[in-house]
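Residue-level listing of the chains:
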Amino acid sequence: MNCLAFRRQLLIDPRQQDADFRAHAEVCATCAQALQRALDLEESLFNALIQEYPERAGIDHATDSDPTADPDGMQRTRRGKTR
Ligand SMILES: [Zn+2]
């Protein structure tokens, strides 16, 4: 894998475990730095998400079967409050 291919993969998913991707990060200091910056950014975004929605972070669609998690329900509530 060359630097250009590495940077393309980095943009797609910096946490990927592809062997060629990891091998390039070990031999190319410039790309390793770019990988670390991307991972730091991912972490800061995730932490911001946790602070914004502490009860939903990490569970994603686990509550889809829960009728109280229905986004339409939230819209009905919002419309109800404006009238
Ligand atoms: Zn490189």
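Above this note sits the structure.
Residues numbered from 1 in each chain as written. Predicted model: local features only at pLDDT ≥ 70, side-chain atom pairs only at ≥ 80, totals over all residues.

1. Structural notes on the overall build of the protein chain
Selection rule: Segments assigned H or I by DSSP are reported as helices when at least four residues long, segments assigned E as strands when at least two residues long, and all are numbered from the N terminus. Exposed residues have 12 or fewer other C-beta atoms within 10 Å of their own C-beta, buried residues have 20 or more, and residues in between are partly exposed; the C-beta atoms are placed from the backbone.
Of regular secondary structure, the protein chain possesses four helices and zero strands. Written out in order from the N terminus, the α and β elements of the protein chain read α-α-α-α. Across the 83 residues that make up the protein chain, the buried fraction comes to 6%.

2. Thoughts on the environment of Arg37
Mapped onto the elements of the fold, Arg37 is located in helix α3 (residues 29–52). By C-beta crowding, Arg37 is classed as exposed, having 12 other C-beta atoms within 10 Å. Sequence-wise, Arg37 and Pro14 are 23 residues apart; in three dimensions their C-alpha atoms are separated by 9.5 Å.

3. Details of the packing of helix α1 (residues 3–12) against α3
Defined as follows: Helix axes are fitted only over the stretch in contact, all axes being lines through C-alpha atoms; the angle between N-to-C directions runs from 0 to 180 degrees. Note on angle classes: values under 35 degrees are labelled roughly parallel, values over 145 roughly antiparallel, values of 65 to 115 roughly perpendicular, and the remainder oblique. Here contacts are defined at the residue level, using C-beta atoms placed from the backbone and a cut-off of 7 Å between them. Classification convention: Asp, Glu, Lys, Arg as charged; Ala, Val, Leu, Ile, Met, Phe, Trp, Tyr, Cys, Pro as nonpolar; all other residues, Gly among them, as polar.
Running from N to C, α1 and α3 cross one another at 5 degrees; their axes reach a closest spacing of 11 Å. As far as their axial angle goes, α3 and α1 are roughly parallel. Two secondary-structure elements touch here, α1 through Cys3, Phe6, Arg7 and Leu10 and α3 through Cys31, Ala34, Leu35 and Ala38. Counted by class, the contact of α1 with α3 contains seven nonpolar, no polar and one charged residues.

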